[in-house]
Amino acid sequence: MVPIPVYNIAHYIEEYEPMFKVEIPKKISFKNRIVSKGTLNVFEGKNLNKFVQMTVKGLNMYYYDFGIAYPEKSLVYPTFLYQIISAPKRLLVVVNYGFYKNEDIDKINDFHHLLNLDKEYSNILIQDFDPQEFLKDDVILNSFNGLVRTTDIDKAYERVFNLFKSWYKGLEASSEATEQDAAAYQKWLKDFKNRFYKQDYGFTAVKKFLGENWAKEVFENYIFY
């Protein structure tokens with residue numbers, strides 16, 4: 001049996017007052033198979049286009065929690081992306097901040113506070129990892145990526161949520177970008193989503209446990225739409 005957290009990220013977000021849950025069709029929000037199940041949640045908030053969160057539990061041997069948050073289209077602010085994978089004797093926690101101009105990090109509202117918190121939280125790791133190769137040019141270098149002891153699964157979840165709260169506070173305080181900068185950011189974001197969808201293992205894993213139809217609907221019309 002894989003270790004399962006007491007609360008997943010969706011629970012924390014539902015309890016987070018600045019954000020609210022968006023109703024989506026039940027056939028999308030919940031998928032059940034004989035030995036696997038999946039859930040999908042969508043949240044909105046100030047300056048936030050959407051935050052999409054998905055969990056997949058398969059065969060009592062695999063647990064996958066994935067979430068990605070997109071700023072409003074008029075803003076230029078990093079995306080927030082996390083993946084938590086729980087398997088027997090193995091817990092992988094990955095947080096990434098996708099951005100198209102890493103040289104402009106200093107211009108992002110209080111982003112160094114988030115990176116300092118991210119670095120502080122990395123002390124829970126028993127082995128750290130670099131970003132996936134196809135992401136290296138599209139994410140801000142950070143520390144909270146790697147293996148965690150399975151006994152610390154709840155602590156890891158709390159830390160991911162705290163990082164999200166810090167990210168969101170910066171987003172809430174962000175001002176609209178120029179039309180030119182916003183357009184350039186949205187062009188990069190479209191390419192980023194396309195690369196991630198095609199090269200990350202997430203879609204393959206979800207398709208394996210919950211079928212291709214649900215996986216395609218979720219990834220194409222909610223997560224990367």
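For the structure itself, consult the block above.
In this report, the structure presented in the accompanying data block is examined.

1. A few points about the side chain of Ser174
Here is step 1 of the chain: Structurally, Ser174 is set in the loop between helix H4 (153-172) and helix H5 (179-199).
Here is step 2 of the chain: Look at Ser174 and you get buried, because its relative accessible area is 17%.
Here is step 3 of the chain: Those residues in contact with Ser174 that lie beyond four places of it in its chain are Asn47, Leu75 and Tyr77.

2. Looking at the packing of aromatic side chains
Two descriptors summarise a pair of aromatic rings, namely the distance from one centre to the other and the angle between the planes of the rings.
Here is step 1 of the chain: Under the criterion given, the structure shown has 35 aromatic pairs.
Here is step 2 of the chain: The ring of Tyr70 has Lys193 lying over it, and the distance from NZ or CZ to the ring centre is 4.9 Å.

3. Things to note about the side chain of Asn96
Here is step 1 of the chain: Mapped onto the elements, Asn96 comes out in strand E7 (residues 90-98).
Here is step 2 of the chain: Residue contacts for Asn96: discarding those within four places in its chain leaves Thr79, Phe80, Leu81, Pro131, Leu135, Val139, Asn142 and Asn145.

4. Quick word on a nonpolar patch on the surface
Here is step 1 of the chain: Where nonpolar side chains cluster on the molecular surface, the patch consists of Ile34, Val35, Leu59 and Met61 and spans about 450 Å² of accessible area.
Here is step 2 of the chain: Examined against the element boundaries, Val35 turns out to sit in the loop between strand E2 (30-32) and strand E3 (36-45).

5. Some details on H5
Here is step 1 of the chain: The end-to-end C-alpha distance of H5, which contains 21 residues, comes to 30 Å, matching closely the 30 Å that a straight helix rising 1.5 Å per residue would cover.
Here is step 2 of the chain: If you check which residues of H5 are buried, you get Ala182, Tyr185, Trp188, Leu189, Phe192, Lys193, Phe196 and Tyr197. In an axial view of H5, the angular spread of the buried residues amounts to 165°, which keeps them on one side of the axis. Exposed residues pointing more than 90 degrees away from the buried face of H5 are listed as Gln180, Lys187, Lys190 and Lys198.
Here is step 3 of the chain: Looking at the buried side of H5, the elements it contacts are strand E5 (62-71), strand E6 (79-87), E7, helix H6 (202-210) and helix H7 (212-223).

Parameters and conventions
- Residues numbered from 1 in each chain as written.
- Predicted model: local features only at pLDDT ≥ 70, side-chain atom pairs only at ≥ 80, totals over all residues.
- Heavy atoms only, no water.
- Helix = DSSP H or I, 4+ residues; strand = E, 2+ residues; numbered from the N terminus.
- Buried < 20%, exposed > 50% of the residue type's maximum accessible area, 1.4 Å probe, protein only.
- Contact = heavy atoms within 4.5 Å.
- Phe/Tyr/Trp six-rings, centres within 6.5 Å; stacked < 30°, edge-to-face > 60°.
- Lys NZ or Arg CZ within 6 Å of the ring centre and 35° of its normal.
- Patch = residues over 30% accessible without salt bridge, like charges linked within 9 Å, V, L, I, M, F, W, Y side chains within 5 Å.
- Areas by Shrake-Rupley, 256 points an atom, 1.4 Å probe, with all protein chains shown as cover.
- Salt bridge = Lys/Arg side-chain N within 4 Å of Asp/Glu carboxyl O.
- Expected span 1.5 Å × (residues − 1).
- Arc of directions from axis to C-beta.

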